[in-house]
Amino acid sequence: MKRAIFAVIALALSACSGEAEKTYTVDELMADDALLTKLLGKCRNNPGELQGTTNCINAQAADGKMRLERMRKSFGG
């Protein structure tokens, strides 16, 4: 019974959380430097809550890919 009450309360609270944030793909983030910078800053400022979110994972992947591309270009490749 206690589990059922807890589940109902958790469901009610999650419904009140408001509008969900849009999920961006790695390609979308690589195409928009301002958005990538904003998301990386947000994720780095609150890693405890945001580290495992899809947008933070995609932002880190996009940042890594862009760094590799810049290194490749700087070495003439």
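Note that the structure is a prediction, hence the values are computed from the model and not measured. (Residues numbered from 1 in each chain as written. Predicted model: local features only at pLDDT ≥ 70, side-chain atom pairs only at ≥ 80, totals over all residues. Heavy atoms only, no water.)

A.B. asks: Kindly report on the nonpolar core, identifying the contributing residues and their values.
C.D. replies: Judged by nonpolar contacts, Val26, Leu29, Met30, Leu35, Leu36, Leu39, Leu40, Ala59, Ala62 and Met66 together constitute the single largest core of 10 residues. Elements with a contribution of two residues or more to this core: helix 2 (26-31), helix 3 (33-45) and helix 5 (54-74). For this core, the element with the most residues is helix 3, which contributes four residues. Setting aside residues up to four positions removed in sequence, Leu40 forms contacts with Ala59, Gln60 and Asp63. (Core = buried A, V, L, I, M, F, W, Y, C linked by side-chain atoms within 4.5 Å. Buried < 20%, exposed > 50% of the residue type's maximum accessible area, 1.4 Å probe, protein only. Helix = DSSP H or I, 4+ residues; strand = E, 2+ residues; numbered from the N terminus. Contact = heavy atoms within 4.5 Å.)

A.B. asks: So, the state of the cysteines: which residues are in play, and what are the values?
C.D. replies: Per the stated rule, a full pass over the model turns up one disulfide. Disulfide partner of Cys43: Cys56, at an S-S distance of 1.8 Å. Where Cys43 bonds to Cys56 through sulfur, the torsion about that S-S bond is close to -90 degrees, and the disulfide is left-handed. Separated by 13 residues along the polypeptide, Cys43 in helix 3 and Cys56 in helix 5 bring together distant segments of the chain. For Cys43, a relative accessible area of 7% translates into the label buried. On the accessibility criterion, Cys56 (3% relative accessible area) is buried. (Disulfide = S-S within 2.5 Å.)

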